[in-house]
Amino acid sequence: MLTGKTLLNYARLVVKVGVNLQKGQGLEIACPVEKPEVAQALTKAAYEMGAKIVRVRWNCDSIDKLNYTYANTDDLKVIPKWLVDSKNYLVENNFCYIAVAADDPSLLKDIPAQKIGEVAKARAKALKKFSDTVMANGIRWCVVSVPTQSWARQVFPSSKNPEKDLSAAIEKTMRLDYPDPISAWEEHVERLERRAEYLNRARFSYLHFKNSIGTDIKVGLCDNHKWLSAKEIAKDGVPFIANLPTEEVFTAPHRLRVDGTLKSALPLCENGQIIDGFSLTFKNGKVVDFSAQKGYETLKQLLNTDQGTLRLGEVALIGKNSPIAKSKILYYNTLFDENASCHLAIGKGYPTTVIGGEKLSKSELKSLGLNDSSEHIDFMIGTDDLSVTGVTDNGEEFTLFTNGEWTI
Ligand code: ZN
Ligand code: ZN
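The present account deals with the structure reproduced in this document. All values derive from a computational prediction rather than experimental measurement.

## Focus: the pattern of salt bridges
This structure, assessed with the given rule, holds 15 salt bridges. Note that D132 is salt-bridged to K348, the shortest N-O span being 3.2 Å. Placement of D132 in helix α7 (residues 128-135) and of K348 in the loop between β15 (343-347) and α14 (362-368) is noted, with a sequence separation of 216 residues between them. Each of the two residues, D132 as well as K348, counts as buried. Notably, a salt bridge pairs R140 with D236, separated by 2.8 Å at the nearest N-O pair. Taken as a pair, R140 in the loop between α7 and β4 (141-144) and D236 in the loop between β7 (231-233) and β8 (239-241) lie far apart in primary sequence, 96 residues in all. When salt bridges with common partners are traced through the structure, they connect K128, D132, K348, K362 and D372 into a single cluster.

Written as structure tokens, this is what we have:
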């Protein structure tokens, strides 16, 4: 179980390898209210590493649900100025930010998709400045997870002790079962970096994804695109890892050069609702058709958030033998599920996935092909038989994946 010594090791890993907190820095932690021991362990680890102040913001799923059930959409759409200011405060004062994400995946299943969509849209709009800064690595941030009752029950519905089972699974994906988790992460990160370097040298024009469930799509890459892996460098020059666990090597698709159809490989959980068995068809970078066996309305809301949610903002490669993929567990949580399989994201692209992108203006990024939106939503397309071919400007082809795994 994620308790005692294991929990403290976990917290140290997140503070050191995740946000890489420096002496004298402030830290904000967002944490589910039913997991005070996690916030406490993170706080302790942060002070051990010389934090000057740690602040915790508590989230509560059941209060969120009551709000969505009883409050009017118009009232829910009001995002108070103090909330926006408190986020911008983190940027202005160079705080690190840790989000402990452990939402109940089907929390809002009985709430109309439109209501959720409208509120999410208002929130994303109000916090756009902060999310833009975060996505350009203006602060060091890290998203992690811990098991909660309601989430664990969904992952292991027939287990006697679902929280314990989910805890064991998360410990494995976090490499906490290694004698020295911090050095295990350093080795892993190096391996991912080597793949990113190969792809950066190759300068592919587009990637061709194909499998037997009907994915056949050419994803053009941004001009001057840059492949990144786990380790990123923040604006202040200090490296950090934005997601723990992470297995991906990723870059920016070109907003105008995506053609073909993709089929989802895993369900997508977004805003407390589940979308499953969906497909998207693209022409010149834009979604022109879509379908879903489950959650069609939710998908429709997501795609219609703004102009940018009809285009791609990320393409990520993950082999099927990653510890998360090998566990064969469906987590109903993007942090884990996106690391189990190759994925794409609709919405905003990361300026950091363009060479020198942090210093470019919005219009310069757009002219290189980077997509912009108030949202960024990952979904999985990798299957056991997925093939990925990289194609250069002069038509040369290189096999990157066969049967769902790296060939390089
Ligand atoms: Zn990703
Ligand atoms: Zn993403």
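Following the structure, the description resumes.
## Things to note about the coordination of the zinc ion (ligand 2)
Coordination of the zinc ion (ligand 2) by the protein involves E314 (OE), H376 (NE2), D378 (OD) and D378 (OD), with metal-donor separations of 2.0 to 2.6 Å. Taken together, the 4 donor atoms coordinating the zinc ion (ligand 2) span angles of 54 to 142 degrees at the metal, a pattern that classifies the geometry as irregular. Within one chain, the residues donating to the zinc ion (ligand 2) are spaced in sequence as E-x61-H-x1-D. Here the zinc ion (ligand 2) and the zinc ion (ligand 1) are spaced 3.4 Å apart, and both take E314 as a donor. Of the two residues, E314 sits in strand β14 (residues 312-317) while D378 sits in strand β16 (residues 376-380), which places them 64 residues apart along the sequence. Considered together, E314 and D378 belong to a single accessibility category, that of buried residues.

## Some points on the packing of helix α5 (residues 81-92) against α7
Relative orientation of the contacting elements α5 and α7 amounts to 30 degrees, with a least axis distance of 9 Å. Taken together, α5 and α7 sit at an angle that is classed as roughly parallel. By crossing handedness, the relation of α5 to α7 is classed as left-handed. Of α7, the residues touching α5 (which contributes K87, N88, L90 and V91) are K129, F130 and T133. Classifying every residue of the contact of α5 with α7 by side-chain character gives 3 nonpolar, 2 polar and 2 charged.

## Focus on the sheet that holds β16
Taken together, the 4 strands give an open sheet; going across it, the order is β9-β14-β15-β16, and neighbouring strands pair in antiparallel fashion. Looking at the sheet topology across the chains shown, the edges are occupied by β9 (249-251) and β16. The average angle at which neighbouring strand axes cross in this sheet is 20 degrees, direction not considered. Across 5 bridges, the pairing between β15 and β16 is antiparallel. Note that in β16 the partner of L344 across the bridge is F379.

## Brief notes about the packing of aromatic side chains
Taken as a whole and judged by the stated rule, the model has 9 aromatic pairs. Consider the rings of F290 and Y296, whose centres lie 5.1 Å apart with planes at 15 degrees: the pair is stacked. Chaining the aromatic ring pairs together yields one cluster made of W151, Y331 and F336. Directly above the aromatic system of W185 lies the positively charged group of R175, at a separation of 5.1 Å from the ring centroid.

## Let's talk about the pairing of strand β3 (residues 96-100)
Extensive coverage of β3 is indicated by the burial of 5 of its 5 residues. Burial of β3 is two-sided: the residues C96, I98 and V100 facing one way and the residues Y97 and A99 facing the other way are all buried. Judged from the 4 bridges that link them, strand β1 (residues 26-32) and β3 form a sheet pairing that is parallel. Directly across from E28, in β3, lies its bridge partner Y97. Pairing between β3 and β4: 4 bridges, direction parallel. Paired with I98 across the bridge in β4 is C142.

Procedures and definitions
Residues numbered from 1 in each chain as written. Chains lettered and ligands numbered in written order. Predicted model: local features only at pLDDT ≥ 70, side-chain atom pairs only at ≥ 80, totals over all residues. Heavy atoms only, no water. Salt bridge = Lys/Arg side-chain N within 4 Å of Asp/Glu carboxyl O. Helix = DSSP H or I, 4+ residues; strand = E, 2+ residues; numbered from the N terminus. Buried < 20%, exposed > 50% of the residue type's maximum accessible area, 1.4 Å probe, protein only. Donors = N, O, S within 2.8 Å, 3.2 Å for Na, K, Ca; no water. Tetrahedral: all angles 85-135°; square planar, octahedral: opposite > 155°, others 65-115°. Axes fitted to C-alpha atoms, helices over the stretch in contact; angles between N-to-C directions. Parallel < 35°, antiparallel > 145°, perpendicular 65-115°, else oblique. Left-handed = near helix turned anticlockwise from the far one by under 90°. Contact = heavy atoms within 4.5 Å. Nonpolar A, V, L, I, M, F, W, Y, C, P; charged D, E, K, R; others polar. Pairing = 2+ DSSP bridges. Phe/Tyr/Trp six-rings, centres within 6.5 Å; stacked < 30°, edge-to-face > 60°. Lys NZ or Arg CZ within 6 Å of the ring centre and 35° of its normal.

It is worth stressing that arrangement in space is one thing and function is another; only the former is reported here.
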